[in-house]
Amino acid sequence: MSPTDQVLEEACGCVRIYTLNRTKQLNALSSAMISRLLELFHACDHDPTVKLIITKGNGRAFCAGGDVAAVVRDITEGDWKLGANYFRKEFTLNYLMATYSKPQVSFLNGIVMGGGAGASIHGSFRIATENSVFAMPETALGLFPDVGASYYLSRLPGFFGEYVGLTGARLDGAEMLACGLATHFVPSKNLSLLEEALRKVNSDDAAIISSIITQFSQYPSLKANSAYNRLDIIDKCFSRKTTEEIISVLESKAVDHKDEWITSTVQTLKKASPTSLKISLRSIREGRLEGVGKCLVREYRMVCCVMKGEVSRDFFEGCRALLLDKDKNPKWQPSRLESVTDEMVDQYFAKVDKDWEDLKLPPRSNLPVHAIAKL
């Protein structure tokens, strides 16, 4: 399938509609798709006749993430720099979307995970539906929440971002709206009517776009067992300084309350890569104090360290166990949190080697004034 078939392009007056179209792969972002989206977004950024961008996905996913299996294959057949180049392009796209001069409306009707979140959450408007399933499942894969996740997760209410980032918890559309990952909730049956209304837009005024979306929006109730209803206990546990402390406090509360949700959360954390948990927690904590550009530059340093595999090869083992062999039994090294030292974690945050360079983001004038304004 050619890049133009993987990202479908439609022009309608002042509106451009881009549809992710790798349905068999749940629209996982290939290198060609990222390159094509960069081209399209750059072109529209400098085109005064374009006022609004709509992104959506064909099939049952908006986008299930980056095509990490292809990245691992490239690294295995070549060297780690092939993988690093993939992330360089992807993070540049994330930054372009986060600083975009025109409104971007994303229809998140289905699966929105990993790289799919990076291609939407940074935009102006994120439309969740009853079919939405959001997750950043990287710690189960030996990676960490990237694509600028340390920026937007760290700005969720309380310590909900730490919870979502470390556990890979799946959120439905109502939860996405409640925590701010989505800006609106529209029943899927009304999406075609909303799109029809947006196609007629002749303005890049965010207030006008928002008022149109609001006409089709609802405010769904959270399910009784929603994790967002447990924000108090999440804050008490996930505010702790270390991953070990987080798990320890959760375990003590599981004994006190005999709560199945707490027990399940502990089990999920214990199945994840210990190295991933530690670097993910530090990344989100640092993200609280950084702008989106700094977050992406730091995440790129981290991902280069992951690709090199010198501190830990958990990413390759996670891809083997979950995506390739699918035995769902990764053998993490180190296998215990206590064995992941501060010195090991520090290496993920260090400047990249002399034979490689940091992520160079293009100058942008439309920087987010305040992070929460983006959520």
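Because the structure is a prediction, the values reported are computed rather than measured.

Visitor: How would you summarise the pairing of strand β2 (residues 15–20) if you had to cite specific residues and measurements?
Guide: Taken across its six residues, β2 has six buried, putting it largely inside the fold. Across the two faces of β2 the burial is the same, with Val-15, Ile-17 and Thr-19 and Arg-16, Tyr-18 and Leu-20 all buried. In this sheet, β2 lies alongside strand β1 (residues 7–12) in antiparallel orientation, the contact comprising six bridges. Along β2, the bridge assignment pairs Glu-9 with Tyr-18.

Visitor: If you had to explain the pattern of salt bridges to someone new, which residues and values would you point to?
Guide: According to the stated counting rule, one finds 22 salt bridges in the structure shown. A salt bridge links Asp-259 to Arg-230, with the nearest nitrogen and oxygen atoms 2.7 Å apart. Highlighted residues: Asp-259 in the loop between α12 (243–257) and α13 (260–271) and Arg-230 in the loop between α10 (206–214) and α11 (231–238), separated in sequence by 29 residues. In this structure, Arg-320 and Asp-327 form a salt bridge, with 2.6 Å as the shortest nitrogen-oxygen distance. Overall, Asp-327 belongs to the partly exposed group, its relative accessible area being 38%. A single salt-bridge network, built from bridges that share partners, covers Arg-282, Glu-286, Glu-290, Arg-298 and Asp-346.

Visitor: Quick rundown of the confidence of the model for the protein? Include the residues and the values.
Guide: When pLDDT drops low, the exact placement of atoms in the prediction is not to be read closely. Residues with a pLDDT of 70 or more make up 98% of the protein, whose mean pLDDT is 94. Here residues 370–375 scores under 50 on pLDDT; set against residues more than four positions off or in separate chains, the count is 15 contacts.

Visitor: Go over the layout of surface pockets with me, naming the residues and quoting the values.
Guide: Over the atoms rolls a probe the size of a water molecule, and in doing so it shows where empty space is left. What the largest pocket holds in volume is close to 1,300 Å³. What lines the largest pocket is a set of 40 residues, and nearest its centre among them are Met-113, Pro-137, Leu-141, Leu-322 and Leu-323. Every element with two or more residues in the lining of the largest pocket is listed here: α3 (68–77), α4 (80–98), β6 (111–113), α13 and α16 (314–324). No other element matches the three residues that α4 contributes to the lining of the largest pocket. Here the lining of the largest pocket is built from residues that sort into 21 nonpolar, ten polar and nine charged.

Visitor: I'd like to hear about a nonpolar patch on the surface, residue by residue, with values.
Guide: On the surface, a nonpolar cluster with roughly 230 Å² of combined accessible area is contributed by Leu-322, Leu-323 and Leu-324. Within the secondary structure, Leu-322 sits in helix α16.

Visitor: Before we move on, can you summarise α16 with the specific residues and values?
Guide: Listed in full, the buried residues belonging to α16 are Asp-314, Phe-315, Phe-316, Glu-317, Gly-318, Cys-319 and Ala-321. Residues of α16 that are buried in the fold lie against α3, α14 (274–287) and α15 (292–308). Lys-326 sits one or two positions beyond α16 and adopts a positive phi of about 60 degrees.

Visitor: A description of the sheet that holds strand β3 (residues 52–57) should follow, citing residues and the corresponding values.
Guide: Taken together, the six strands give an open sheet; going across it, the order is β1-β2-β3-β5-β7-β10, and neighbouring strands pair in mixed fashion. Each edge of the open sheet is held by one strand with a lone partner, namely β1 and β10 (184–185). Pairing of strand β5 (residues 104–108) with strand β7 (residues 125–128), which is carried by four bridges, proceeds in the parallel orientation. Its bridge partner lying in β7, Phe-107 is registered against Ile-127. Sitting on the sheet, helix α9 (residues 191–199) is in contact with β1, β2, β3, β5 and β7, with an inclination near 165 degrees to β5.

Visitor: So what about the sheet that holds strand β9 (residues 171–172)? Which residues, and what values?
Guide: Backbone-to-backbone hydrogen bonds pair the strands of a sheet. The strands run either parallel or antiparallel. Ordered in space as β4-β6-β8-β9, the four strands form an open sheet in which the pairing is mixed. What marks the edges here is a single partner per strand, and that holds for β4 (61–63) and β9.

Visitor: Go over α3, please, and point to the residues and values.
Guide: Listed in full, the buried residues belonging to α3 are Val-68, Ala-70, Val-71, Val-72 and Ile-75. The inward-facing, buried residues of α3 contact α4, α15 and α16.

Visitor: A description of the packing of α15 against helix α17 (residues 342–349) should follow, citing residues and the corresponding values.
Guide: At a minimum axis distance of 6 Å, the contact between α15 and α17 shows a crossing angle of 115 degrees. Each of Arg-298, Arg-301, Met-302, Cys-305 and Val-306 in α15 lies in contact with α17, whose residues at this interface are Gln-347, Tyr-348 and Phe-349. Looking at side-chain class alone, the contact of α15 with α17 contains five nonpolar, one polar and two charged residues.

Reading guide: rules and limits
Here the residue numbering is sequential within each chain, running from 1 through the sequence in written order. Given that this is a predicted model, residues contribute local features only at a pLDDT of at least 70 and side-chain atom pairs are listed and counted only at 80 or more, while totals for whole chains, interfaces and linings are drawn from all residues. Excluded from the side-chain calculations are hydrogens and water; all other atoms, namely the structure's heavy atoms, are used. Only protein chains enter the accessibility calculation, which uses a 1.4 Å probe; a residue is then buried when its area is under 20% of its type maximum, exposed when over 50%, and partly exposed in between. The numbering of helices and of strands both runs from the N terminus, where a helix is a DSSP run of H or I of at least 4 residues and a strand a run of E of at least 2. Pairing between strands is defined by DSSP: at least two bridges between them are needed. Salt bridge criterion: a side-chain nitrogen from Lys or Arg within 4 Å of a carboxyl oxygen from Asp or Glu. Known as pLDDT, the predictor's per-residue confidence is scaled from 0 to 100. The contact criterion used throughout is that any non-hydrogen atoms of two residues lie within 4.5 Å. Put simply, the grid is 1 Å and covers the protein atoms alone, a cavity is a trapped set of points that fit a 1.4 Å probe, a pocket is an open set with protein on both sides within 12 Å along at least five of seven lines, and lining residues have an atom within 4 Å of a point. Grid points are joined across faces, edges and corners, and a volume is the space filled by probe spheres set on the points. Here the nonpolar group is Ala, Val, Leu, Ile, Met, Phe, Trp, Tyr, Cys and Pro; Asp, Glu, Lys and Arg are the charged ones; every other residue, Gly included, is treated as polar. Excluding any residue in a salt bridge, patches collect residues exceeding 30% relative accessible area, merging like charges within 9 Å and nonpolar Val, Leu, Ile, Met, Phe, Trp and Tyr side chains within 5 Å. What sets the accessible areas is the Shrake-Rupley method with a 1.4 Å probe; for residues, cover comes only from the shown protein chains. Note on definitions: angles span 0 to 180 degrees between N-to-C directions of axes, and those axes are lines fitted to C-alpha atoms, for helices only across the stretch in contact.

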